[in-house]
Amino acid sequence: MITVESLTKSYGGYTAVDHVSFTAAPGRVTGFLGPNGAGKSTTMRIMAGLTEPSSGSAHILGRRFAELPNPGREVGVLLDASAQHAGRTGREVLRINARLMGLPGSRVDEMLDAVGLTEEESLRRVRNYSLGMRQRLGIASALLGDPEVLILDEPANGLDPAGIRWMRDLLRGFADGGGTVLLSSHLLNEIEVVADDIVVIGLGRIVASGTKADLLASAETLVRADDLRGLHAALVGAGLASTPADGALLVSGDAGHIGRIAFAAGIAVTELRAADGARLEEMFLELTASTAREGNAA
Ligand SMILES: Nc1ncnc2c1ncn2[C@@H]1O[C@H](COP(=O)(O)OP(=O)(O)OP(=O)(O)O)[C@@H](O)[C@H]1O
């Protein structure tokens, strides 16, 4: 469990994180979504004890990071995959971390295997790793101590589609085993495929949070029919707002009501479903645009 309460971080006069509150629950993958510069990394750095908050708190398993008796055994953190020692081999990086945590050397092989780094790759120096390989190594480091909580900042960066799928399965398995996963991304699609809960941040403030199902649920229904014009007229005639969109209509009304109006008008419907994603995607696009206007977009 991660609990963030009214967390605020100011740099000079600039508030990078502004009264941020949310929880990430065990057994669930929580996606931390926001455009570039929204405050995701700052929030996660505070969670991992690397940055002091100006006010508010972040607790992992009920304690601040600095108060955790053996942090690596309780929380696995991946903040910047490129920050690993470039002159060491991947295997050395893991071996040193394992020793620091009092873990047997066999754990290193288990983790290399779990993240799909081969024996030969593990003997290369990290400076010669691709970004995707660094991410895998970073995830191996985070998992090494068999923690209950994972905090991963943009772990999908640099992974190819097969790698993203692998990571999704890995995080799903971790959460299904009772673990807490918080992962950040600036890409809605990345979060959408893996998260159970989503926290959206923009310009340092939480702008939405909830289950993915709730956030993706839309008040609108998408409907298609061969006679789209006729259906549009019938819906508008019945007092519903109907907007033509890409060979379909987006209608503010529930599917049953729309189906009955179509039936009464003698129009065969070819598709009728909740217009998923629209609300979150729109909100996220607006956020990205407003951030870009502030000149913060990377
Ligand atoms: N040490 C610092 N000094 C001054 N400003 C900072 C510092 N660290 C972060 N910021 C500012 O705080 C804001 C939030 O940055 P942060 O790295 O947390 O965003 P992010 O959501 O992780 O973005 P990205 O997706 O680009 O990684 C940015 O405007 C950034 O420039």
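Residues numbered from 1 in each chain as written. Predicted model: local features only at pLDDT ≥ 70, side-chain atom pairs only at ≥ 80, totals over all residues.

Student: Any chance you could explain the overall build of the chain here in plain terms?
Tutor: Looking only at helices and strands, the chain features twelve helices and 13 strands. With the principal axes as the frame, the chain shows a C-alpha extent of 75 × 45 × 35 Å. A burial count over the chain gives 40% of its 298 residues as buried. Pairs at least 24 residues apart make up 70% of the contacts formed inside the chain by residues separated by at least 6 positions. (Helix = DSSP H or I, 4+ residues; strand = E, 2+ residues; numbered from the N terminus. Buried ≥ 20, exposed ≤ 12 C-beta atoms within 10 Å, placed from the backbone. Contact = placed C-beta atoms within 7 Å.)

Student: Just checking my understanding: could you explain the environment of S10 for this structure?
Tutor: Structurally, S10 can be placed in strand β1 (residues 2-11). For S10, a count of 14 C-beta atoms within 10 Å puts it in the partly exposed group. S10 sits 194 residues away from G204 along the chain, and the two C-alpha atoms are 10.0 Å apart. Ignoring sequence-local partners within four residues, the contact set of S10 consists of T15 and S54.

Student: Quick question: what am I supposed to make of the sheet that holds strand β7 (residues 180-185) here?
Tutor: Sheet strands pair via backbone hydrogen bonds, and the direction of the pair is either parallel or antiparallel. Read from one edge to the other, the open sheet built from six strands follows the order β5-β6-β7-β3-β8-β9, with strand pairing classed as mixed. If you trace the sheet from one side to the other, it starts and ends with β5 (75-78) and β9 (205-211), each paired once. In this sheet, neighbouring strand axes are inclined to one another by 15° on average, regardless of whether the strands run parallel or antiparallel. Taken together, the five bridges between strand β3 (residues 29-33) and β7 define a ladder with parallel strand orientation. Looking at β7, one finds that G31 is bridged to L183. Here helix α1 (residues 40-47) sits on the sheet in contact with β3, β6 (149-153), β7 and β8 (197-202), set at roughly 145° to β6. (Pairing = 2+ DSSP bridges. Axes fitted to C-alpha atoms, helices over the stretch in contact; angles between N-to-C directions.)

Student: I tried to follow the site of the ligand on my own but got confused; where do I start?
Tutor: As a matter of local geometry, the ligand sits amid 14 residues, with Y11, A16, N36, S41 and T42 nearest to it. The set of elements that each furnish at least two residues to the shell around the ligand consists of β2 (14-24) and α1. Looking at the shell around the ligand element by element, the count peaks at three residues for α1. Partitioning the shell around the ligand into residue classes produces five nonpolar, eight polar and one charged. (Near = placed C-beta within 6 Å. Nonpolar A, V, L, I, M, F, W, Y, C, P; charged D, E, K, R; others polar.)

Purely geometric numbers; function is a separate question.
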